[in-house]
Amino acid sequence: MIEFDKAAVRKVIRRLRKERKLSQEVFSGLAGIARSHLAMIESGAKQPNFETVWRIANAFGLPPHILVKYMEETVSE
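This part is about the confidence of the model for the protein. Confidence in the prediction of the protein, expressed as mean pLDDT, is 92, and 97% of residues score 70 or more. Mean pLDDT across the secondary structure elements of the protein bottoms out at helix 5 (residues 64-76), with 91, and peaks at helix 2 (residues 24-31), with 98.

Structure (structure tokens):
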């Protein structure tokens, strides 16, 4: 099973959400996931599966591979 680095996931998602000035409530609605699920991902308590990463990428208006690329770059830092 492929797992994403939790620290990179939460940093990237939180940073992009804050840059766009979106609350967790609004962004979770755009992504089609529960706000509590988004909060757990952003806190590092929950690991998103690929479908969730796909939904989050689409909510940001990004192709999923770009979101994954941002996560990989964050791990390298």
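After that view, the rundown keeps rolling.
Among all residues save glycine, negative phi is the norm, and among peptide bonds the norm is trans. Backbone geometry at Lys21 places phi at a positive 55 degrees, although glycine is not the residue there. Within the element layout of this structure, Lys21 appears in the loop between helix 1 (6-19) and helix 2. Judged by relative accessible area, which is 74%, Lys21 ranks as exposed.

Looking now at the nonpolar core. With 19 residues, the main nonpolar core has Ile56, Leu67 and Met71 as its most contacted residues. Listing elements by their share of this core, those giving two or more residues are helix 1, helix 2, helix 3 (35-43), helix 4 (50-60) and helix 5. For this core, the element with the highest residue contribution is helix 1, accounting for five residues.

The rules behind these values
Residues numbered from 1 in each chain as written. Predicted model: local features only at pLDDT ≥ 70, side-chain atom pairs only at ≥ 80, totals over all residues. Heavy atoms only, no water. pLDDT = per-residue confidence, 0-100. Helix = DSSP H or I, 4+ residues; strand = E, 2+ residues; numbered from the N terminus. Buried < 20%, exposed > 50% of the residue type's maximum accessible area, 1.4 Å probe, protein only. Core = buried A, V, L, I, M, F, W, Y, C linked by side-chain atoms within 4.5 Å.

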